[in-house]
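Structural overview for review
Spelled out from the first residue to the last, the chains are:
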Amino acid sequence: MRYFIRRFLFFLLTLWTAVTLNFIIPRLEPGDPAEDIVRRLAGQNKPIDPAQLHAIRLMLGIPGGNIFQQYIDYLNLLFHGQFGVSYTYFPYPVTTLIGQSIMWTVGLVLTTNIIGFIAGNLLGAFAAWKRNSIFDSFVSVGLSFVGTLPYMWIALVLLFIFAFQLQLLPMGGGFSETSTRQMSWGYTLDIMQHALLPALSILITGPIGWIMGMRNNMVQTLREDYTRLAIAKGLKPWKVALLYSARNAILPNVTGFAMSLGGIMGGVVLVESIFNYPGMGRLFFEAVGNRDYPLMQTILLFTIVGMLLANLLADFVVGLLDPRVRKGKN
Amino acid sequence: MALLEVENLDVTYATKQRPPLFAVRNVNFELNAGEFVGLVGESGSGKSTLGNAILKLLLPPGRITAGSVRFEGKELTTLPDEELRQMRWRDFSTVFQSSMNSLNPVTRIEAQFQDVMAEKSDLSNSQIHDRIGELLQMVKIDPSFMRYYPHELSGGMKQRVALALALALKPKLVILDEPTTGLDVLVQKEIMHNLRTLQREQGFAVLLISHDLGTVLEVSDRVLVMYAGEMVEDAPTHGMLKHPIHPYTHGLLGSYADPAAEEVEISYIPGRPPDLTRVPKACPYAPRCPEAIPLCRQAKPQLLPMWDGKAACHVAQMQWNDEQHNHTRHSEEGPKLLDAAFSEATSHKAMKLEGEEVLRVENVSKTYQRRAGFKTTSMNAVNDVSFNLRSGKVTGLVGQSGSGKTTIARMITGTEYPTSGAIWFGETRVDKLKGRGIHNYRKHVQYVFQDPFSALNPVHTIQYLLMRPLMNYGKLNAAQARQKVRELLETVGLTPAEQFETKMAHQLSGGQRQRVVVARALAPDPDIIIADEPISMLDVSIRAEILQLLDKLVRERKIAMLYITHDLLSARLLSDEILVLNQGHVVEQGAAKTVIRQPTNEYTQLLLEAIPRLERPDHVRASYVPTAEPTKVQVDASPVSEE
Amino acid sequence: MDTQDHNLKEPLEQEGLTVTQGVTTAVPEPPILEPEDDDVVPQQARAKRHVPEWFEVIWSNRKARVGLILLLFFILVAIFANVLAPYSPTDISFGPSQMPDSQHWLGTTQAGQDVFSQLIYGTRTSLIVGALGGGLATIIALVIGMVAGYMGGIVDEILSFFINLGLVVPALPLMVTVAAYSPVKGPTIIILVIGLTGWAWGARFKRSQVLTLRVRDYITSAQFAGDGTLRIVFREILPNMLSLTVLSYISAAIGAIGAEAGLEFLGVGDPSTISWGMMLYWANNGGAMITGQWAWLVAPGLALAAITSCLMLINFGVDALSNPQLREE
Ligand code: SF4
């Protein structure tokens, strides 16, 4: 129990730090950030809309006020779910924009990551079990080269081949403009078609980390006494491999699963922008391009919260899988 | 047909990077159904490798390179995996070393029985459940513990569980590899007793692998002795006790004695085992053997029957032939004995000097607060302990793990503060020292660590390691320090010193490393040395040598020593005064001989009873030639391949 | 494997397991002498060695050898970029969006620059960012990890919190946000951002490593020998972490190279930088897809993959130093 309380406290503390970080980053710049932003917007030859200025003020708190006052106002606004107004998509509040895109990203990230995790761990376990086989050397050398290919590059190449050259799949977006957007087989198929390339871009390199991690962990657990005892017991080889060796080797990977989401998020930003996929990644990309600070920061905040939740979940799962952790030895 | 037949077995560890290591060479032995056989050897002797080879559990790069292993006539070395798998656990099972890690940490005890029993027996699930309960009861564990996870059990309990697990399918042979190493003596004793009783009742055969000849002799019917990868003796227990055939066995036996005897003496075997990357063409024991003749360095002796057993020794064989031929009995005399021995009589303890008090421990207690959830529990690690250390005298602190002996050591060195009581070093209150004070105090109080393998940083040379204390405390410059390092090395018997200076710790053997650790403790010229189990990690055959060294240094340099140990024999030999510690309380305190020979406390008696008693005939013991002259240690130039 | 009785186990079974804490432990041992000439050990046995031992171990690993040679190749390309490149990478005097031909091996950009020349000059940026960004992250990681691990107590609690925080916060979005706010653009700022946000993994590893090293007897032994805290940290602990530090430096460099490319691709870099990330950015925005200029699209990605691979290969060798179980058998 103590373990879970501890993890939850860490969650709250990290959440608070992330929120505060979000408050601090824009204030690291010299001068009044709001004015600075306005100046920059002006520099882009856009007319300064007082409402936009207001949006910036909302985001940054009342300028001129004492920094603590600003901080408290900021927290207060956050607490009431007010994250400010986007000025690319003025006058929509950023929460609306995120609300529209979040499911796309969650769907993409979860599917790819779960498939990647399962496939990766199985392949890694198999490679370790068949250590020094052809399959193993293919996995440990061959795949690690594939793993070095940058996400964005894979995405670009896939797009180039399948959409531009072969014209088999759509060039981008999450669904066809012509679709009814009603729940139907056609619409589902349409969504699948659009998601295929982005998902593939992540899935080509995604599992490789798991494969390597699992392989290396399992090379160690295969030498552990408990595995050797399982062999001595004359259990069926798959039982030895899965229930003894892999069962222990997977523990670090479960913790790693949540952590890896952070890395995947980076990939998602890149992939979504390339495929013009209507998720948070593309929204973030646009926000960066347009210097839409409220949108940018809120997305960052949401992402961090997402990561934290995922971590909390992973801690919970590790607690379930590993009785030693439950006992609260830290 | 014997149950297990091992013939001309060779096991080699071959990697690309290193020269191949011939760990087991040409080993032959048989094991009959229901027999309890011990396999003894020191680290690097190949005994565990042999055990794993029989079980076909060798880890790569280890491989059986020649010979055969037959179980009930079936050749295991060439048996297809699937057939072998069918035989496992039903025909032969195993218990690994101290089982800390041999139970799957993430599943309950029950499940670890369940899987193998379900797969290999016709019992139903509920029958299996009942059987697990029975098995646990057999090793004196309450059946309710089957719901527990391994980490919730103590080391001794895990070991019992492992034993019960090994017996789950009533195998014909159980191979136990150092099953009690690392456990407390009392627990060890109980587990061994348990094992022996079960073996008699159920009639399975046992191969007990251990470094501890004493324990093995106590429980086995027959003992196999390995040295440097070869089988050197194979003899029934009573015969081996009465008349050890091979000089190495004899040497090992010399390391044991009854601590409660009137006179106690143990011997050691100078030198160290050969490097196994080159196969010795002669007797591998020849460089250490006190009886070696020129033939020993030319030809390898074969394991041949003589007297009531078998041995691989030229000299013994000649004696045997002689005896056969002339019908005279040499055996009553036994082979010539070693002159490298350490006894109370030859110890400098006999000098009876009145040491002056250096350190006084007054009514010291230590309580730890432990927080579990919202409850705080306190544990009394040390309870109202008083004693003092005198110059030139050794105070033995005897206790099992958890007795508080290490806590006392930590308080004396100032790394921990007592909850109450006082520790006086002259006029200084040690328990009040902080920062700089502790630094200065440590010049006077030095520590000899238990594990010589972790007490020396692997990245430094011996010279660097020894120069540090000299430069820090002695305020010597580098050149002076280097000079002093040589003196120190010679003092601890590492000669010629030039050879050792430039070495790294991993190039030395265990005994040599421990000498370096001692030298480092001597460097600041301390008043007090705390020796925390300094011999427990060393091979049995060289322990007496280190004891002898400590004894000599302490008496000559008038150092007060606190000798911490779980081993009554070495405590008796080295200490002037002994304190027996049980759960933080001193239960017995007094002159070494008195405490051990006339213990008044029940706990001390228990400890004494747990020591393997080797009933050796008088002529074996009485033929020692005690020498006061410490034996010069042979310097072995070849780097250690122990790791 | 740190059971208290580990040396009573047969060392053979644990070959290479017990003495694995340091670089020096992996030394091939000098030739063994006959037992007879025990007393006269030639001192020369260990002299005359020009190559450091750690290098021998890495070099003996086939993968690492290939990696080192490749890295040397990249370094040479970076140094002699001006000699090797046929044109100036910023020269816009060529026809825009040309397909590869004998003049322009990889074609030209939308602005009419030679892609091949850009590719060669881009090596410089990647190497520099990798070396410096990775270096900065490693130094921060080393300091934080070692302080947290060695000091323990409340200091550790606080630092560990920041380490965990750094692990949870998604790196690329954070980098983008920080970089987007920065008033100046270009590789320098990107190096800083990468260094300041990318240290958490390394710090975590170093902390746990120090935690295991700190309780070794030889640390206590050094305290008893009168060594001070600084000396213990730098002379007793640090040398034992050398291979781990190199390992995490290379990993950090890999991360830095990838992050730089990602950041530039997202448009937070200086558009005039010549780098592989920027090339991808321009290829994507400059219509390489529509005009079918596969070479412009493919080349920078492959270059990135190649440099990452070569660092990774070196890591295999370093890994073998610290973890003998992964050595080739
Ligand atoms: S053969 Fe010779 S050297 Fe070997 S044990 Fe016998 S007497 Fe000693």
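Residues numbered from 1 in each chain as written. Chains lettered and ligands numbered in written order. Predicted model: local features only at pLDDT ≥ 70, side-chain atom pairs only at ≥ 80, totals over all residues. Heavy atoms only, no water.

Going by an unreviewed UniProt entry, chain B carries the name Nickel import system ATP-binding protein NikD and comes from Dictyobacter vulcani. Per UniProt, chain B has the following entry under Catalytic activity (unreviewed entry): "Ni(2+)(out) + ATP + H2O = Ni(2+)(in) + ADP + phosphate + H(+)". Check the Sequence similarities (unreviewed entry) section of the UniProt entry for chain B; it says "Belongs to the ABC transporter superfamily." (UniProt positions renumbered as here; feature names shortened; annotations may be inferred.)

The name that an unreviewed UniProt entry assigns to chain A is Peptide ABC transporter permease, with the source organism given as Dictyobacter vulcani. Quoted verbatim from the Sequence similarities (unreviewed entry) heading of the UniProt record, the comment on chain A is "Belongs to the binding-protein-dependent transport system permease family." Quoted verbatim from the Subcellular location (unreviewed entry) field of the UniProt record, the comment on chain A reads "Cell membrane".

Description of the side chain of Gln 112 of chain B
Structurally, Gln 112 of chain B can be placed in helix α3 (residues 109-120). Beyond its immediate sequence surroundings of up to four residues, Gln 112 of chain B is in contact with Lys 233 and Tyr 244 of chain A together with Leu 103, Asn 104, Thr 107, Pro 150 and Leu 165 of chain B. (Helix = DSSP H or I, 4+ residues; strand = E, 2+ residues; numbered from the N terminus. Contact = heavy atoms within 4.5 Å.)

Topic: the site of the ligand
All residues in the neighbourhood of the ligand are listed as His 246, Pro 247, Cys 283, Tyr 285, Ala 286, Cys 289, Ala 292, Cys 296, Pro 301, Cys 313, His 314 and Val 315 of chain B. Its residues assigned to classes, the shell around the ligand comprises 10 nonpolar, two polar and no charged. (Near = heavy atom within 4 Å. Nonpolar A, V, L, I, M, F, W, Y, C, P; charged D, E, K, R; others polar.)

As for the sheet that holds strand β24 (residues 585-591) of chain B
Residues and elements named next belong to chain B. Taken together, the six strands give an open sheet; going across it, the order is β20-β21-β22-β17-β23-β24, and neighbouring strands pair in mixed fashion. Edge strands, defined here as strands with exactly one partner in the open sheet, are β20 (445-448) and β24. For this sheet the average axis-to-axis angle between neighbouring strands, irrespective of direction, equals 15°. As defined by bridge partners, strand β17 (residues 394-398) adjoins strand β23 (residues 577-582) across four bridges and the pair is classed as parallel. Residue pairing across strands places Leu 397 opposite Leu 579, the latter belonging to β23. Running at roughly 155° to strand β22 (residues 560-565), helix α11 (residues 405-412) makes contact with β17, β20, β21 (528-532), β22 and β23 of the sheet. (Pairing = 2+ DSSP bridges. Axes fitted to C-alpha atoms, helices over the stretch in contact; angles between N-to-C directions.)

Describing the domain arrangement of chain B
We note that the domain assignment places domain 1 (4-242), domain 2 (265-274 + 282-307 + 316-335 + 622-643) and domain 3 (445-525) within chain B. Taking only C-alpha atoms, the centre of domain 1 of chain B and the centre of domain 3 of chain B are 40 Å apart. (Domains from an automatic or database assignment.)

Quick look at the environment of Ala 592 of chain B
Residues and elements named next belong to chain B. Looking at the element boundaries, Ala 592 is found in helix α19 (residues 592-597). With relative accessibility at 3%, the residue Ala 592 sits in the buried group. The sequence separation of Ala 592 and Trp 424 amounts to 168 residues, and the corresponding C-alpha distance is 24 Å. (Buried < 20%, exposed > 50% of the residue type's maximum accessible area, 1.4 Å probe, protein only.)

Looking at the pairing of β21 of chain B
Along any regular strand, the residues point their side chains to alternate faces of the sheet. Residue and element names in this part refer to chain B. Counting buried positions over the five residues of β21 gives five, a clear majority of the element. Of the two faces of β21, the one holding Ile 528, Ile 530 and Asp 532 and the one holding Ile 529 and Ala 531 are both buried throughout. Summarising the sheet, β20 and β21 pair through four bridges and their orientation is parallel. Residue pairing in the sheet places Gln 446 in a bridge with Ile 529 of β21. Note that β21 and β22 share five bridges and pair parallel. Pairing of Ile 528 across the sheet is with Ala 560, part of β22.

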